[in-house]
Amino acid sequence: MKSKSELTRQFIIETTAPIFNKNGYSGTSMSDITKATGLTKGAIYGNFKNKEALALEAFNHNVRFIINKLRDIITTVKSPIARLYALTNFYRNYTKHALDFGGCPILNVGIDANHTNPILYERVKYVAIKMQKSIESIIQQGIECGEMKDNLDAKILGGRIFALIEGAVFTSVLLQNNKYLLDMMDHLDHLIKIEIAL
(Lines give C-alpha, C1' and ligand atoms only; values in the text may rest on other atoms or scores of the structure.)
Protein backbone atom coordinates (compact mmCIF):
# COMPACT_ATOMS: atom_id res chain seq x y z
CA MET A 1 0.00 0.00 0.00
CA LYS A 2 1.47 3.35 -1.07
CA SER A 3 1.60 6.24 1.35
CA LYS A 4 -0.23 9.51 0.66
CA SER A 5 3.04 11.23 -0.30
CA GLU A 6 3.92 8.38 -2.70
CA LEU A 7 0.49 8.61 -4.31
CA THR A 8 0.81 12.40 -4.65
CA ARG A 9 4.25 12.03 -6.22
CA GLN A 10 2.93 9.41 -8.66
CA PHE A 11 -0.05 11.64 -9.52
CA ILE A 12 2.29 14.55 -10.30
CA ILE A 13 4.48 12.38 -12.54
CA GLU A 14 1.56 10.83 -14.42
CA THR A 15 -0.16 14.20 -14.90
CA THR A 16 2.91 16.11 -16.06
CA ALA A 17 4.55 13.35 -18.16
CA PRO A 18 2.54 14.09 -21.34
CA ILE A 19 3.00 17.86 -20.83
CA PHE A 20 6.80 17.58 -20.66
CA ASN A 21 6.75 15.18 -23.62
CA LYS A 22 4.70 17.56 -25.79
CA ASN A 23 6.15 20.91 -24.69
CA GLY A 24 9.72 19.98 -23.79
CA TYR A 25 11.61 20.91 -20.65
CA SER A 26 12.02 24.61 -21.44
CA GLY A 27 8.50 24.88 -22.86
CA THR A 28 6.89 23.52 -19.69
CA SER A 29 6.46 26.18 -17.01
CA MET A 30 5.70 25.75 -13.33
CA SER A 31 2.39 27.41 -14.12
CA ASP A 32 1.62 24.57 -16.59
CA ILE A 33 2.48 22.03 -13.89
CA THR A 34 0.41 23.63 -11.11
CA LYS A 35 -2.55 24.18 -13.45
CA ALA A 36 -2.54 20.55 -14.65
CA THR A 37 -2.13 19.03 -11.18
CA GLY A 38 -4.23 21.52 -9.23
CA LEU A 39 -1.39 21.68 -6.68
CA THR A 40 0.61 24.64 -5.44
CA LYS A 41 4.22 25.27 -6.40
CA GLY A 42 5.16 24.42 -2.82
CA ALA A 43 3.43 21.04 -3.07
CA ILE A 44 5.33 20.28 -6.29
CA TYR A 45 8.67 21.27 -4.75
CA GLY A 46 7.77 19.32 -1.63
CA ASN A 47 7.85 16.18 -3.79
CA PHE A 48 10.61 17.05 -6.25
CA LYS A 49 13.88 18.90 -5.72
CA ASN A 50 13.32 21.05 -8.82
CA LYS A 51 11.67 21.10 -12.25
CA GLU A 52 14.57 19.16 -13.73
CA ALA A 53 14.04 16.27 -11.27
CA LEU A 54 10.34 16.16 -12.19
CA ALA A 55 11.14 16.26 -15.93
CA LEU A 56 13.51 13.32 -15.47
CA GLU A 57 10.83 11.28 -13.67
CA ALA A 58 8.28 12.24 -16.32
CA PHE A 59 10.61 10.99 -19.06
CA ASN A 60 11.24 7.74 -17.16
CA HIS A 61 7.47 7.27 -16.82
CA ASN A 62 6.87 7.76 -20.56
CA VAL A 63 9.72 5.46 -21.57
CA ARG A 64 8.61 2.74 -19.13
CA PHE A 65 5.13 2.86 -20.67
CA ILE A 66 6.54 2.21 -24.17
CA ILE A 67 9.20 -0.31 -23.13
CA ASN A 68 6.75 -2.30 -21.00
CA LYS A 69 4.33 -2.55 -23.94
CA LEU A 70 7.16 -3.71 -26.19
CA ARG A 71 8.50 -6.13 -23.58
CA ASP A 72 5.04 -7.66 -23.07
CA ILE A 73 4.91 -8.46 -26.79
CA ILE A 74 8.49 -9.66 -27.27
CA THR A 75 8.70 -11.85 -24.17
CA THR A 76 5.74 -13.94 -25.34
CA VAL A 77 7.84 -14.98 -28.37
CA LYS A 78 10.66 -17.51 -27.94
CA SER A 79 12.32 -17.46 -31.36
CA PRO A 80 14.85 -14.62 -31.98
CA ILE A 81 13.67 -14.24 -35.60
CA ALA A 82 10.06 -14.03 -34.42
CA ARG A 83 11.16 -11.39 -31.87
CA LEU A 84 12.55 -9.20 -34.65
CA TYR A 85 9.25 -9.50 -36.52
CA ALA A 86 7.39 -8.72 -33.27
CA LEU A 87 9.53 -5.56 -33.01
CA THR A 88 8.57 -4.37 -36.48
CA ASN A 89 4.91 -5.20 -35.84
CA PHE A 90 5.00 -3.14 -32.64
CA TYR A 91 6.39 -0.12 -34.48
CA ARG A 92 3.78 -0.41 -37.23
CA ASN A 93 1.31 0.75 -34.56
CA TYR A 94 3.74 2.93 -32.65
CA THR A 95 1.93 6.22 -33.21
CA LYS A 96 -1.16 4.70 -31.55
CA HIS A 97 0.91 3.63 -28.53
CA ALA A 98 2.63 7.01 -28.16
CA LEU A 99 -0.13 9.38 -29.28
CA ASP A 100 -1.76 9.82 -25.86
CA PHE A 101 1.31 11.40 -24.34
CA GLY A 102 2.60 13.41 -27.28
CA GLY A 103 4.73 11.07 -29.37
CA CYS A 104 8.02 9.25 -28.98
CA PRO A 105 9.66 10.30 -25.69
CA ILE A 106 13.15 9.33 -26.92
CA LEU A 107 12.90 11.60 -29.96
CA ASN A 108 11.02 14.41 -28.24
CA VAL A 109 13.19 14.64 -25.16
CA GLY A 110 16.42 13.76 -26.97
CA ILE A 111 16.04 16.66 -29.40
CA ASP A 112 14.70 19.07 -26.76
CA ALA A 113 17.38 18.30 -24.14
CA ASN A 114 20.37 17.99 -26.46
CA HIS A 115 21.65 21.55 -25.91
CA THR A 116 19.55 22.63 -22.95
CA ASN A 117 19.56 19.94 -20.27
CA PRO A 118 22.65 17.70 -19.96
CA ILE A 119 21.19 15.47 -17.20
CA LEU A 120 18.01 14.73 -19.14
CA TYR A 121 19.99 14.30 -22.36
CA GLU A 122 22.29 11.72 -20.74
CA ARG A 123 19.26 9.78 -19.54
CA VAL A 124 17.75 9.72 -23.05
CA LYS A 125 21.11 8.62 -24.46
CA TYR A 126 21.28 5.80 -21.90
CA VAL A 127 17.79 4.56 -22.89
CA ALA A 128 18.63 4.72 -26.63
CA ILE A 129 21.83 2.72 -26.11
CA LYS A 130 19.97 0.19 -23.96
CA MET A 131 17.35 -0.30 -26.69
CA GLN A 132 20.07 -0.80 -29.29
CA LYS A 133 21.73 -3.38 -27.05
CA SER A 134 18.41 -5.22 -26.67
CA ILE A 135 18.13 -5.56 -30.45
CA GLU A 136 21.80 -6.58 -30.58
CA SER A 137 21.11 -9.25 -27.94
CA ILE A 138 18.20 -10.70 -29.97
CA ILE A 139 20.47 -10.93 -33.02
CA GLN A 140 23.28 -12.53 -31.01
CA GLN A 141 20.84 -15.13 -29.66
CA GLY A 142 19.64 -15.79 -33.22
CA ILE A 143 23.21 -16.41 -34.38
CA GLU A 144 23.95 -18.70 -31.43
CA CYS A 145 20.82 -20.82 -31.89
CA GLY A 146 21.32 -21.13 -35.65
CA GLU A 147 18.33 -19.03 -36.77
CA MET A 148 20.46 -16.21 -38.16
CA LYS A 149 23.54 -16.06 -40.37
CA ASP A 150 26.78 -16.51 -38.43
CA ASN A 151 28.63 -13.72 -40.29
CA LEU A 152 26.39 -10.97 -38.90
CA ASP A 153 27.83 -8.24 -36.71
CA ALA A 154 25.13 -8.07 -34.02
CA LYS A 155 26.35 -4.73 -32.63
CA ILE A 156 26.37 -2.92 -35.98
CA LEU A 157 23.07 -4.47 -37.05
CA GLY A 158 21.39 -3.64 -33.72
CA GLY A 159 22.42 0.01 -34.08
CA ARG A 160 21.30 0.09 -37.70
CA ILE A 161 17.85 -1.35 -36.97
CA PHE A 162 17.35 1.06 -34.05
CA ALA A 163 18.41 4.04 -36.20
CA LEU A 164 16.08 3.01 -39.03
CA ILE A 165 13.15 2.66 -36.62
CA GLU A 166 13.73 5.99 -34.86
CA GLY A 167 14.33 7.76 -38.18
CA ALA A 168 11.03 6.41 -39.51
CA VAL A 169 9.21 7.45 -36.32
CA PHE A 170 10.65 10.96 -36.66
CA THR A 171 9.70 11.28 -40.34
CA SER A 172 6.16 9.99 -39.77
CA VAL A 173 5.62 12.41 -36.86
CA LEU A 174 7.20 15.37 -38.66
CA LEU A 175 5.20 14.89 -41.85
CA GLN A 176 2.11 13.60 -40.00
CA ASN A 177 1.94 10.53 -42.20
CA ASN A 178 2.29 6.99 -40.87
CA LYS A 179 3.25 5.64 -44.31
CA TYR A 180 6.96 6.27 -43.64
CA LEU A 181 6.85 4.11 -40.54
CA LEU A 182 4.86 1.37 -42.28
CA ASP A 183 7.22 1.41 -45.27
CA MET A 184 10.31 1.14 -43.04
CA MET A 185 8.84 -1.78 -41.10
CA ASP A 186 8.17 -3.54 -44.44
CA HIS A 187 11.77 -2.81 -45.43
CA LEU A 188 13.05 -4.22 -42.13
CA ASP A 189 10.91 -7.35 -42.55
CA HIS A 190 12.50 -7.81 -45.99
CA LEU A 191 15.96 -7.26 -44.47
CA ILE A 192 15.26 -9.88 -41.77
CA LYS A 193 14.06 -12.39 -44.36
CA ILE A 194 16.82 -11.86 -46.95
CA GLU A 195 19.92 -10.73 -45.04
CA ILE A 196 19.49 -11.95 -41.44
CA ALA A 197 17.54 -15.21 -41.32
CA LEU A 198 19.07 -18.51 -42.39
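Residues numbered from 1 in each chain as written. Predicted model: local features only at pLDDT ≥ 70, side-chain atom pairs only at ≥ 80, totals over all residues. Heavy atoms only, no water.

Engineer: In this structure, what is going on with the overall build of the protein? I would like to understand it.
Structural biologist: Within the protein one finds ten helices and zero strands. Each helix and strand of the protein, ordered N terminal to C terminal, gives the series α-α-α-α-α-α-α-α-α-α. Considered along the principal axes of its C-alpha atoms, the protein spans approximately 60 × 40 × 30 Å. Of all 198 residues assigned to the protein, the portion counted as buried reaches 43%. Put simply, 67% of the contacts in the protein that link residues at least 6 apart link residues at least 24 apart. Carbon and sulfur atoms form 55% of the exposed surface of the protein, whose accessible area is close to 10800 Å². (Helix = DSSP H or I, 4+ residues; strand = E, 2+ residues; numbered from the N terminus. Buried < 20%, exposed > 50% of the residue type's maximum accessible area, 1.4 Å probe, protein only. Contact = heavy atoms within 4.5 Å. Areas by Shrake-Rupley, 256 points an atom, 1.4 Å probe, with all protein chains shown as cover.)

Engineer: Would you mind going over helix 8 (residues 118-144) with me for this structure?
Structural biologist: Three or four residues apart is the spacing at which side chains of an α-helix point the same way, because the helix has 3.6 residues per turn. Between its first and last C-alpha atoms helix 8 spans 38 Å; for 27 residues at 1.5 Å apiece the expected length is 39 Å, and the two agree. Among the residues of helix 8, those classed as buried are Leu-120, Val-124, Val-127, Ala-128, Met-131, Ile-135, Ile-138, Ile-139, Gly-142 and Ile-143. Gly-146 sits one or two residues past helix 8 and shows a positive phi near 85°. (Expected span 1.5 Å × (residues − 1).)

Engineer: What's the story with a nonpolar patch on the surface in this structure? I'm lost.
Structural biologist: A cluster of nonpolar residues, Ile-111, Phe-170, Leu-174, Leu-175 and Tyr-180, forms a patch on the protein surface that exposes about 480 Å² of accessible area. Topologically, Leu-175 is positioned in the loop between helix 9 (154-174) and helix 10 (179-196). We classify Leu-175 as partly exposed; its relative accessible area is 47%. (Patch = residues over 30% accessible without salt bridge, like charges linked within 9 Å, V, L, I, M, F, W, Y side chains within 5 Å. Salt bridge = Lys/Arg side-chain N within 4 Å of Asp/Glu carboxyl O.)

Engineer: What is the right way to look at the nonpolar core in this model?
Structural biologist: General note: in soluble globular proteins, nonpolar side chains tend to be found buried as a group. Grouped together as the largest cluster of nonpolar side chains are 58 residues, with contacts concentrated most on Tyr-91, Tyr-94, Ile-139, Met-148, Ile-161 and Ile-196. Top contributing element to this core by residue count: helix 8, with nine residues. Ignoring sequence-local partners within four residues, the contact set of Tyr-91 consists of Leu-70, Met-131, Ile-165, Glu-166, Val-169, Leu-181 and Met-185. (Core = buried A, V, L, I, M, F, W, Y, C linked by side-chain atoms within 4.5 Å.)

Engineer: What's the story with the pattern of salt bridges in this structure? I'm lost.
Structural biologist: Where side chains of opposite charge bring their charged atoms close, a pairing between them can arise. According to the stated counting rule, one finds three salt bridges in the structure shown. Note that Asp-186 and Arg-92 form a salt bridge whose closest N and O atoms lie 2.8 Å from each other. Here Asp-186, found in helix 10, pairs with Arg-92, found in helix 5 (residues 80-92); they are 94 residues apart in sequence, far enough to count as distant. A residue is classified by how much of its surface remains accessible, and Asp-186, at 46% relative accessible area, is partly exposed. Put simply, Arg-92, Asp-186 and Asp-189 are held in one network by salt bridges that share partners.

Engineer: Where do I start with the packing of aromatic side chains in this structure?
Structural biologist: Centre-to-centre distance and the angle between the planes together describe a pair of aromatic rings. This model, assessed by the stated rule, comprises three aromatic pairs. Between Phe-90 and Tyr-91, the aromatic rings sit 5.1 Å apart at their centres with planes inclined by 85°, giving edge-to-face as the arrangement. Among the residues examined, Phe-90 registers a relative accessible area of 2% and is labelled buried. Under the relative-accessibility criterion, Tyr-91 is labelled buried at 2%. Counting every residue linked through ring pairs, the aromatic cluster contains Phe-90, Tyr-91 and Tyr-94. Taking the ring centre of Tyr-25 as reference, the NZ or CZ of Lys-51 above it sits at 4.4 Å. (Phe/Tyr/Trp six-rings, centres within 6.5 Å; stacked < 30°, edge-to-face > 60°. Lys NZ or Arg CZ within 6 Å of the ring centre and 35° of its normal.)

Engineer: Is there a simple way to think about the environment of Ser-26 in this case?
Structural biologist: On the secondary structure map, Ser-26 appears in the loop between helix 1 (4-23) and helix 2 (30-37). Note on Ser-26: relative accessible area 52%, which makes it exposed. Residues Ser-26 and Ala-113 lie 87 residues apart in sequence; the distance between their C-alpha atoms is 8.7 Å.

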